[in-house]
Amino acid sequence: MEKMSRVTTALGGSALTGRTMHCHLDAPANAISVCRDAAQVVVAGRSIFKIYAIEDEQFVEKLNLRVGRKPSLNLSCADVVWHQMDENLLATAATNGVVVTWNLGRPSRNKQDQLFTEHKRTVNKVCFHPTEAHVLLSGSQDGFMKCFDLRRKDSVSTFSGQSESVRDVQFSIRDYFTFASTFENGNVQLWDIRRPDRCERMFTAHNGPVFCCDWHPEDRGWLATGGRDKMVKVWDMTTHRAKEVHCVQTIASVARVKWRPECRHHLATCSMMVDHNIYVWDVRRPFVPAAMFEEHRDVTTGIAWRHPHDPSFLLSGSKDSTLCQHLFRDASQPVERANPEGLCYGLFGDLAFAAKESLVSTESGRKPYAGDRRHPIFFKRKLDPAEPFVGLASSALSVFEMEPGSGSMSWFVDTAERYALAGRPLAELCDHNAKVARELGRNQVAQTWTMLRVIYSSPGLASAASLNHSVGKGSSCGLPLMNSFNLKDMAPGLGSETRLDRSKGDTRSDTVLLDSSTTLITNEDNEETEGSDVPADYLLGDVEGEEDELYLLDPEHAHPEEPEYVLPQEAFPLRHEIVDTPPGPEHLQDKADSPHVSGSEADAASLAPVDSSFSLISVSHALYDTRLPPDFFSALVCDMLRFYAEQGDVQMAVSVLIVLGERVRKDIDEQTQEHWYTSYIDLLQRFCLWNVSNQVVKLSTSRAISCLNQASTTLHVNCSHCKRPMSSRGWVCDRCHRCASMCAVCHHVVKGLFVWCQGCSHGGHLQHIMKWLEGSSHCPAGCGHLCEYS
Amino acid sequence: MNRGGSSPSAAANYLLCTNCRKVLRKDKRIRVSQPLTRGPSAFIPEKEVVQANTVDERTNFLVEEYSTSGRLDNITQVMSLHTQYLESFLRSQFYMLRMDGPLPLPHRHYIAIMAAARHQCSYLINMHVDEFLKTGGIAEWLNGLEYVPQRLKNLNEINKLLAHRPWLITKEHIQKLVKTGENNWSLPELVHAVVLLAHYHALASFVFGSGINPERDPEISNGFRLISVNNFCVCDLANDNNIENASLTGNNFGIVDSLSELEALMDRMKRLREEREDEEASQEEMTTRFEKEKKESLFVVSGDTFHSFPHSDCSLLSSDFEDDMIITSDVSRYIEDPGFGYEDFARRGEEHLPTFRAQDYTWENHGFSLVNRLYSDIGHLLDEKFRMVYNLTYNTMASHEDVDTTTLRRALFNYVHCMFGIRYDDYDYGEVNQLLERSLKVYIKTVTCYPERTTKRMYDSYWRQFKHSEKVHVNLLLMEARMQAELLYALRAITRHLT
């Protein structure tokens, strides 16, 4: 690397040395330019105009050209350029439209040489002829370019850009008479300096202003342009028509572009707004910058390579009032940090995954696909020595196969299509969805729905039988998502286990909360009573004995019934039963077939007026009375949702979220919800379930999601007569002034849904056509075609 | 309505005038519903607009396509004198109200209401109250700012500054809004809001400047509903102006030979174009010229009111000075700090706010990039609109044809920016002085800074030989220049916040 900074230059014969460094200027810089000796740099801005000497360790201010007491607008520079043949000659473009030349050889303090006040508006750019000593070119906002001979007082010739502002002018390095100019309307023009009447060539290079251009130092006819449309384009001018040979997409509008010396495909850019970094791109690799300089804190306004034959030193001036020298070896290289990885699904659900070998090898326990195919990802096609990032990057490719049959996602599609998410009372929705899930053999899900129904709505309608049914089969269902890849060696029961742990935790906290008598109650009961904010002794102290007894009775009746409830499920491990059966069902069952309950219900009624808050007892009664505190179970339900989401079943999570709506929404943070929604919508769209996905979007309450429906809602149609796109309205063609879509039935313009026969292409309002075809099988247009509506 | 111009301070002046107008209106409530002038504008004879209209099918196409209300409102009718412009105007307006954007539809209309309320432009308020409700806005919000979410309320400060003294907007204001918290604005949302605010401030200028009449569509019976349902005063410029007309027309305008006036103007323009080369003012002089223009704009309104309205019926007004609060409440519920108004940029001698150097933050380079980045595509639409209005010309002046009006248009545009403290290095502000006569300056200043005070008298008093369509053109220029100035200040603050 040391070699890099000791490049012997072709011109001076001396080596350039230096380090990455910066110095503070007094004011923001607008432009910089380097002297041909590569040892001095001039910085110009609205209120700064100085020459700095570039020394090994630092910049040293050499000369302040801004002299005089009263700052003149002539010194407010938009651009500055140092003559590449004459070390004493500088030119500046002032914001008030004046072009000034400076002669450093003048003995006086004021080095100002000549003043050209021919432009009416701000001069954006000045440029010296690369070989001719006295020729200066300027481009201005007023749409004119002027060529000055410094030996004369006026311009030699004026080139008109047809009233469009000129943003940049550059003499071609190779062709003596040619210069390029770029314009605010996106055009680039090529001029012959001898022919001011018309340009040689003009083409539209960018959408919006072209801020800058730069001729390639070696490749004749290569011109790089940068525009407000965030693109850098490289044009080949040698052909008959200017041909775009490369295009680099940056993240902000491009303010300056400069080819890197000695590197054929490299160019440096900086941006006009927002982005403060300087990038060096390899134009053949337009997505990742080859190097990046991040020193500046505000937008970079001027960049210059220090020496025309040295690729390692870049100078830059910025609005943050600093002048920087960047060394290429100190640049950060985004390529280094990027970990190229590829992931792709095959037609039958196989998954191929390629990554850098070094990355893959660190991960153990994964068996790459038979044969361990390896091949390089990068630049297999050609090896170019000019490229810094060649080198065989080898990667590992792994392919994971699906187990036959396990990849079927039909349950997902079925569920998505059949679930009801809104438009009916909660209880019905839950029942419906439970039924759907059950029919698809997803009993755990079905059970969850049933429980939700019990939790959140009055249980009167639930039939005990259906409950038993769902509970009975509850834990028999596998977790349908678990068996996807053998790569994921997740135990099917993993989710349940975590769940179990958690519910154990619950129990613990519950027992702390409640007094000893509650230990009699099952886990489920604990959870139910958890929310009570009145301690148990309140009851014991204040309430009459009867109710006290009632309280005791509660665990009692739960106790004898417990075995009754559990017994039919002997076939299943008890653990699972606990896990999979959060609160509701048991009590519901109580209500349905236990005589105790009716009694206690009556008591509850008498109790209700006594206290408005929830005592332990009234809480357990509240289950029957739908007087549940709204957020009573929410913590649990939220956990349940997270559980499903973690398992990969976002469908369940989102469906429940939508169905329950306000009841749980506030307990789950916005971002998680958004995440679920987006994943679910993404999945739905992959299965082409557009309607469902739209419904989900519509029902979502998250702002980020619901605005999805406001995006790209445009539908483009072509006129049926002239086949041109109908840009303004969908029913009247601008070109042929005809209404494109007439209803064959009512002969009016169709502005909404238009349905047409694919056989005869007649059609009309959906309603009309439907009605028509009910009565007749012929086309309403009278064409004789037998239309079918399906 | 500057007849109260004798009052010392600008703020008082402002209050008084608002007040007066409201009082006047109250007294003549009955006549309000039956204004004397018909047609879309109180300033422009109906036939001028209508004639132009019937010719133009294009306008109808445009309206059908881009109008949010689905009918040809008065603004559109007046603007349709310049169809080319109308298209880009409607497109950008439609985009910011109806198309993809970070803000929900009702919010957009509410922001429009807030913006229009700063200038008490009941025409726009009424229009957007309807739209607001139509797009599903919460009716309660219409009761005033106290009823809207804090988030929207927070916009009030920036609304106020943008409307009257945009140069005061700093990155701190932006930071306050985007600071993470419950009511924070995301940057795209903020940019959307800023664009809306600037648009509607500027549009209010146009409405007042062109004397747009309240909508009086019989089917929609907007005018009727305004009074009964929304309880707004109708913006009855027409009415006011008619009174004035009756009493004052031709009163104290020494009928200058306006034809020679026009000739003189054209002569000056011609001379400016030719003289360019030999005339070479020193930099100091250029600077002073800008300062002078800036300073002079300070006296334009107050001074002129005094001069040109010597017969002002102050007696009528001063008696009603007291009870402004009750009357303004209709509109003022959408604003806070109603006393906050335009203050001349040049006035604060001591603080001396730095002049905005146009070249350091231009719309083309900087504003566009930022706006387009945060609120995609609006940049292109606005860009097109600014370009359109800046380059719009028919090469005519009054009865003369083949005139290059570039200098005149530029003078108008830059004069507006000058009043907002934006200076172009490459512009000689001496031109403004030569090209814009005093009555025009009064008009410009009123329309851009205190649009609610515009009167037909002001409208009539300048360029008497010119066609109405040309005056509408002037209004368009003023409107866009103002919008751009506001945007530049706001976007510069956002840029500073970002860096």
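All values derive from a computational prediction rather than experimental measurement.

Looking only at helices and strands, one finds 21 helices and 34 strands in chain A. Looking at chain A as a whole, 52% of its 790 residues are labelled buried. Sequence-distant contacts in chain A: of pairs separated by 6 or more residues, those separated by 24 or more amount to 49%. Carbon and sulfur atoms form 53% of the exposed surface of chain A, whose accessible area is close to 37400 Å².

Right, let's get into the confidence of the model for chain B. Residue and element names in this part refer to chain B. Chain-level pLDDT for chain B is 72 on average; 68% of the residues reach the 70-or-more range. This stretch, residues 1-36, has a pLDDT under 50; its non-local contacts, to residues over four places away or in other chains, come to 79 contacts. Across residues 302-328 the pLDDT falls below 50, and counting only partners more than four positions away or on other chains, this stretch makes 35 contacts in the model. Both scores are given for the predicted complex: the pTM is 0.63, the ipTM 0.73.

Moving on, we get to the packing of helix α7 (residues 105-118) of chain B against helix α11 (residues 187-209) of chain B. Residues and elements named next belong to chain B. Here α7 crosses α11 at 40°, and the two axes come no closer than 8 Å. Taken together, the axes of α7 and α11 lie oblique to each other. You can see that α7 and α11 cross each other, and the crossing is right-handed. Where α7 approaches α11, its residues R108, I111, A112, A115 and R118 are matched on the opposing element by H192, A193, L196, L197, Y200 and H201. A per-class count over the contact of α7 with α11 returns 7 nonpolar, 2 polar and 2 charged.

A word on the interface of chain A and chain B. Taken residue by residue, the interface counts 39 residues in chain A and 33 residues in chain B. For the pairing of chain A and chain B, the buried interface totals around 3200 Å² over both sides, and the portion due to carbon and sulfur atoms is 46%. Between the two partners, chain A and chain B, sit 5 salt bridges. Between E164(A) and R387(B) there is a salt bridge; the shortest N-O distance is 3.7 Å. Joining chain A to chain B, the criterion identifies 12 residue pairs in polar contact (both at pLDDT 80 or more). Here the side of chain A that touches chain B is built from residues that sort into 9 nonpolar, 16 polar and 14 charged.

Next up on the list: the pairing of strand β8 (residues 99-103) of chain A. All names here are of chain A. Extensive coverage of β8 is indicated by the burial of 4 of its 5 residues. As paired strands, strand β7 (residues 89-94) and β8 are joined by 5 bridges and run antiparallel to one another. Bridged to T92 within β8 is V100. Hairpin connection, β7 to β8: the antiparallel pair is bridged by 4 residues, and G97 has positive phi, about 100°. Relative to strand β9 (residues 112-116), β8 runs antiparallel, the two sharing 4 bridges.

Calculation notes
Chains are numbered independently. Their residues run from 1 in the order of the written sequence. Lettering for chains starts from A, numbering for ligands starts from 1, and both go in the order in which the items are written. Local features are withheld for residues below a pLDDT of 70 in this predicted model, meaning they are given only at 70 or higher, and side-chain atom pairs are given and counted only at 80 or more; totals for whole chains, interfaces and linings count all residues. Only heavy atoms go into the side-chain values, all of them from the structure, while hydrogens and water stay out. Per the convention used, a helix needs a DSSP run of H or I reaching at least four residues, while a strand needs a run of E reaching at least two, with both numbered from the N terminus. To sort residues, take the accessible area from a 1.4 Å probe on protein chains only and compare it with the maximum for the residue type: under 20% means buried, over 50% means exposed, and anything in between is partly exposed. Any two residues having at least one pair of non-hydrogen atoms within 4.5 Å are treated as being in contact. For the area figures, the Shrake-Rupley method with a 1.4 Å probe applies, and any residue is considered shielded solely by the protein chains shown. One number per residue, pLDDT, summarises how confident the predictor is, and it ranges from 0 to 100. To get an axis, fit a line to the C-alpha atoms, keeping to the stretch in contact for a helix; angles then go from 0 to 180 degrees between the N-to-C directions. By definition in this entry, angles of less than 35 degrees are roughly parallel, angles greater than 145 are roughly antiparallel, angles of 65 to 115 are roughly perpendicular, and the rest are oblique. Two helices cross in a left-handed way if the nearer one is turned anticlockwise from the farther one by less than a right angle. They cross in a right-handed way if the turn is clockwise. Gly falls in the polar group here, along with every residue not listed as nonpolar (Ala, Val, Leu, Ile, Met, Phe, Trp, Tyr, Cys, Pro) or charged (Asp, Glu, Lys, Arg). Put simply, buried area is the surface a 1.4 Å probe can reach on two separate parts but cannot reach once they are joined, added for both. The salt bridge definition used is simple: a Lys or Arg side-chain nitrogen within 4 Å of an Asp or Glu carboxyl oxygen. Polar contact is defined as a pair of N or O atoms within 3.5 Å, subject to the rule that within protein one atom must be able to donate a hydrogen and the other to accept it, and that residues adjacent in sequence are counted only when both atoms are side-chain atoms. Pairing between two strands requires that DSSP report at least two bridges joining them.

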